[in-house]
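Structural overview for review
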Amino acid sequence: MRSMVLIPAPQKLQWKEGTFALPAAPGVVLPEAFAGLAALLPEPWHAGAEGCIRFARRENTCAEGYGVSVTPQGVCITAAAPQGAFYALATLGQLILQTDGKIPCCEIEDAPALAVRGFMLDISRGKVPTLQDLCALIDRLAMLKYNQLQLYVEGFSFAYPSFPQYWMDKTPITGEEIRYLDSYCRARYIELVPNQNSLGHMADWIAQPELHHLAVSEEGVSFLGRSMPPSTMDPLNPESLALVVRLMDDLLPNFTSNTFNVNLDEPFELGTGKSREAAERVGVAKLYTDYMNALYKEVTARGKRMMLWGDVLTKHPESIGDIPKDVTVLDWGYEANSPFEEHAAMLERSGVPFLLCPGTSTWLSLTGRTDNMLKNIRSAAEAALRHGARGVLLTEWGDMGHAEYEPLNEPALAYAAALCWNGAPVDEQVLACWLDRFVFLDEAGVMGKLVLDLGRCYQFEEFPVSNMVLGRILLMLGLVPKAALKELTEGIARRAARSEALDGLAQTIVNRKEFDAAGICAYLKTLRERLEQSRMRGPSAVLYYGEIENALRMSAFANDLHYACLHLEEMDAAQRETFLAPLCETGEALLRAHPALWLARNRLHGMHESVAVFEKALAQLRAAR
């Protein structure tokens, strides 16, 4: 059975002699307690009084645990609760799809290593997926035995009934759609947890003239030398909490979950502006926890348990004692060397429930950051297991136009699922094979490894950058002079060197190399050749091909833009034309493809911001010819 791949791998699996030949339309015997599974059986399976696939209840095991016994006569599944029976079906389904209906005899005993196995998708900064695409995501999460999903909300990505004037010209997700998704998730034993930012990341709200007075500071923040608008509300103004409560009362009735993620992360301007005097008197942490406790009362009054991001608390560990003991802290970190071990040990000592939250490493990357992703997720999962975390919440963000395509997230989804369920990392070759068989349906066995290798393009840059890649930064800034680029990279290096959490990254920057434009060009050429060799099937095959093809174009465009910033000033007119003409053609091709690929999965709003990133750079390159 060496060719069999299962993600997540069962805790105990023993292969036996022989196979069971699955009939074309197998009957399934379900006890009354598992009757709800009948609606989830694949066609043409059917529930009945007789059948070759039998379910039975058993005692003395966790609700998500199960056993599978395959003999030449049939399949017997045992579980204490419907959740476990559903996960047994997920494992059986993976076995069936790899064996043409001749299931190898085996004995499986399985249960999860971590109680919470979650995924959080940003639907606010860029893409708001269609209902169809969200349901497809939920099906993939269910196959991987995830049991929690959060849709990150800030601004106007949810159609708040109290504020139609702010979202009527946009394409938000509606309460009716949330209720449908909630039901769809529950049928697959996934908890859809409401999520809404409530202090920082409120830029869209406080940009409205009638709400602008809620900004704690007019100064905003600076990012890569660019001024960003104010994003943090004044916690001392009662109207700030009143606004959040009103948003909460619009959002929460659409969910059956008894948990609510209020976020409260990155209140960048807290302690400045209107809060400066109070912060000097009692400290920034006290301002934060006072506001958090006031919000906690509102959340608990509505029958919900509160979740919040832990970045402020871990910076001010003395403040952890000021939060209620039933608040779940979400400790996030997105680098290979994020201090999950240190933070998890601290949270374990404090006695508060917590999740560790790595990332897919895809945002602000164009093609992903594979090696960072693998190390980041493994670090979080292993620290969670060592220090009694409730689980792991994998996150995917959409900063600055959300240009990255969804297939780039698939390796992270599978890798995190493997670690959180089984407790052991999966080999990259196995991961690639699983992606070929269950995501890309690639008979050539190309796509799984190709997507992983696509996420290694950033290794040709001068040095790794926290949370993004240099090429993506240049796309945001456009064609900048060589001196300005040097100043930018030196500034990034200095900031990294000051960060204790990024010691390894800082050392890499100190020892940075020359930008290898030729190397990445050759690398992208081999990836294109491999893409052409793929033989994907299924309804998403054409879309997958188009997304990866355009991701390669984006990487090539960013690579050549980077080269232009470094060398365009040295070229004469003929050299400039020879270099810039094909580069502009690449930009035009990716701009032709990007809108259609966006709309294949997502709603219209946000697309123009994503397109504008490339349009700006392309316009500058045309002007330079």
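One can find the structure itself at the top, above this paragraph.
The present account deals with the structure reproduced in this document.

Thoughts on the packing of aromatic side chains
This structure, assessed with the given rule, holds 20 aromatic pairs. Looking at K145, its charged tip hangs above the ring of W421, at a distance of 5.5 Å from the centre.

A closer look at the nonpolar core
Of all hydrophobic cores here, the largest spans 215 residues; its most connected members are F55, L151, W205, L295 and W434. Among the elements that take part in this core, helix α19 (residues 541-567) stands out by supplying 14 residues, more than any other.

Brief notes about unusual backbone geometry
Cis geometry marks the peptide bond from I7 to P8, where omega comes out at 0 degrees. Structurally, the position occupied by P8 is in the segment before β1 (12-21). The residue Y189 is not glycine, and still its phi comes out positive at about 60 degrees. Looking at the element boundaries, Y189 is found in the loop between α4 (175-187) and β10 (191-193). Residue H201 is not a glycine yet carries a positive backbone phi of 55 degrees. For H201, the location among the structural elements is in the loop between β10 and α5 (203-206).

Some points on the environment of P358
Along the chain, P358 falls in the loop between β16 (354-357) and α11 (370-386). Given the relative accessible area of 0%, P358 is considered buried. Sequence separation between P358 and I377 is 19 residues, and the spatial gap between their C-alpha atoms is 5.4 Å. With near-sequence residues (within four places) excluded, P358 lies in contact with G333, Y334, F340, N376, I377, A380, V392, L393, L394 and T395.

Regarding the pattern of salt bridges
Applying the stated criterion across every chain, the model contains 32 salt bridges. Two residues, E406 and K127, come together in a salt bridge whose shortest N-O distance is 3.6 Å. Here K127 lies in the loop between β8 (116-122) and α2 (131-143) and E406 lies in the loop between β17 (391-396) and α12 (410-422), a separation of 279 residues in the sequence. Salt-bridge contacts for D453 lead to K449; the nearest nitrogen and oxygen are separated by 2.8 Å. Pair noted here: D453 and K449 are both in helix α14 (residues 447-454), with a separation of four residues, about one helical turn. The buried category is assigned to D453, whose relative accessible area is 8%.

Basis of the calculations
Residues numbered from 1 in each chain as written. Predicted model: local features only at pLDDT ≥ 70, side-chain atom pairs only at ≥ 80, totals over all residues. Heavy atoms only, no water. Phe/Tyr/Trp six-rings, centres within 6.5 Å; stacked < 30°, edge-to-face > 60°. Lys NZ or Arg CZ within 6 Å of the ring centre and 35° of its normal. Core = buried A, V, L, I, M, F, W, Y, C linked by side-chain atoms within 4.5 Å. Buried < 20%, exposed > 50% of the residue type's maximum accessible area, 1.4 Å probe, protein only. Helix = DSSP H or I, 4+ residues; strand = E, 2+ residues; numbered from the N terminus. Contact = heavy atoms within 4.5 Å. Salt bridge = Lys/Arg side-chain N within 4 Å of Asp/Glu carboxyl O.

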